[in-house]
Amino acid sequence: MQTSKARWLNVRRMVAIGEVPRRQPRQQRWQVVMTNPSDHRQAYPSRQLATKIAVGDLSEDQAQMIAARRLDDLSDKLCRAQSLNWFKKLLRPPQPVMGLYLYGGVGRGKTMLMDMFVNSLPHHQTAPTAWRLHFHDFMVLAQDNIHAARQADDDDPIEATAQMLALRGQVICFDEMEVRDIADAMILARLFSLLLARGITVVATSNRHADDLYKDGLHRDRFLPFIELLKSRCDMVELGAGVDWRSTVLATIPTWYHPWDVATKSALDLAFRHVTDQKPVTSETIRVAGRDIIIEKVAGDIGYASFASLCDAPLAARDYLAIAGRFAGLVIADIPQFTESNEHLARRFMWLIDALYDRGRFLVASAATDINDLYVGHQWRFEFNRSA
């Protein structure tokens, strides 16, 4: 039986000779996109956006169209760079293609535009390969690889991880880039530097400008060189003020469903489909300090989970902050009425609500009672009224 070190060394040897093993994730949380090899201009993000507007799925939004056209240009540049034959590349090595960093408020369509961009890239032997995943998933994957390299006594675990990750594609697309943890900040600074040095093009979305990443964080001065590097390799594109489509959807549906019955379950499922724009649904595992938190349904940046899985489990405030950092909103099923017999559940629920509020997230839920009658205990009455 191979030891961990032997397995890792075998992987490194295969990388060196170009034979890369296909590692299957616990869940399919990223994708290498396969698209039609016909003229990619037919699938420009701006054309996809215009089609949605024409059929009435979206309203015109100038900021979205400007961002879509910037993504059109990036798609063209990537395809041109990839189409150069090996002789031309040998005579004049191409410069890395500048990426894009899309930032703006929640619900401005950043994820939608990134999906359109990824779908616009052709997939054949001379086309660029795009690797798209949520930023949180990227950090989990990076930490797993770094840990494996350390277990194998690799001289430079982060360098080894960068080498492995760079092989997944020439374009890495991150959704919801956010840095809040000092350990992540330090890993990210060096890992990204190594990836960018290998010519990787980055496309990212975030709720904040790159200058505000890890704002007020511990030892932030050590993180500033990474921010400058990111800005030197990605054009900053703001999705300014406009219509928040998700707020528009939320304004048209109830956000609190009660009591528990078949009709309530059906209504909550329908609400989830509305707020996710019927995106494909998977499950996801969020790792916090070695603990795995399973979110039963995930579509884009929205999670759906039972109350029991989130609050009738040994989770703390830090775990709920990680959940709120991952999702733009949560749909929670089957919240019980809180009495003196389950005060501990009420406490965890308050931590969750505080985390969602702190991050500006939304909540859609089903419960046993109306929200005004949800808490009938005594220990947390004042705190619960503030949270509710």
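Structure: see above.
Residues numbered from 1 in each chain as written. Predicted model: local features only at pLDDT ≥ 70, side-chain atom pairs only at ≥ 80, totals over all residues. Heavy atoms only, no water.

## Side note on helix 5 (residues 110-120)
- For helix 5, the tally of buried residues reaches nine of 11 residues, placing the bulk of the element in the interior.
- Inspection of helix 5 places K110, T111, M112, L113, M114, M116, F117, V118 and S120 among the buried residues, and these make up the whole buried set. (Buried < 20%, exposed > 50% of the residue type's maximum accessible area, 1.4 Å probe, protein only. Helix = DSSP H or I, 4+ residues; strand = E, 2+ residues; numbered from the N terminus.)

## Examining the pairing of strand 5 (residues 201-206)
- Within strand 5, six of the six residues are buried, which leaves it mostly tucked inside the rest of the structure.
- Relative to strand 5, strand 2 (residues 99-104) is paired through four bridges, and the arrangement is parallel. Across the sheet, Y103 pairs through a bridge with S206, a residue of strand 5.
- Summarising the sheet, strand 4 (residues 171-175) and strand 5 pair through four bridges and their orientation is parallel. Bridge assignment links V171 to a residue of strand 5, and that residue is T201. (Pairing = 2+ DSSP bridges.)

## A look at the nonpolar core
- F138, M177 and L188 are the most contacted members of the largest nonpolar core, which totals 38 residues.
- Those elements that place two or more of their residues in this core are strand 2, strand 3 (130-134), helix 6 (135-151), helix 7 (157-166), strand 4, helix 8 (182-197), strand 5 and helix 9 (224-233).
- Apart from the residues within four sequence positions on either side, L188 is in contact with F135, F138, M139, M177, V179, F223 and F226.
- Core analysis: the second largest hydrophobic core is formed by 34 residues, V288, I323, L356 and L374 among them. (Core = buried A, V, L, I, M, F, W, Y, C linked by side-chain atoms within 4.5 Å. Contact = heavy atoms within 4.5 Å.)

## Some points on helix 11 (residues 262-275)
- Along its 14 residues, helix 11 runs 20 Å from first to last C-alpha, staying within 8% of the 20 Å computed at 1.5 Å per residue.
- Looking at helix 11, one finds that the buried residues are T264, L268, D269, A271, F272 and V275. Down the axis, helix 11 shows its buried residues gathered within 155 degrees of arc, on one side only. Facing away from the buried side of helix 11 by more than 90 degrees, the exposed set consists of V262 and A263.
- The N-cap residue of helix 11 is D261: its side-chain oxygen and the backbone nitrogen of A263 are 3.2 Å apart.
- Residue D277 follows helix 11 closely and has a positive phi angle near 55 degrees. (Expected span 1.5 Å × (residues − 1). Arc of directions from axis to C-beta. Polar contact = N/O pair within 3.5 Å; in protein donor to acceptor, adjacent residues only side chain to side chain.)

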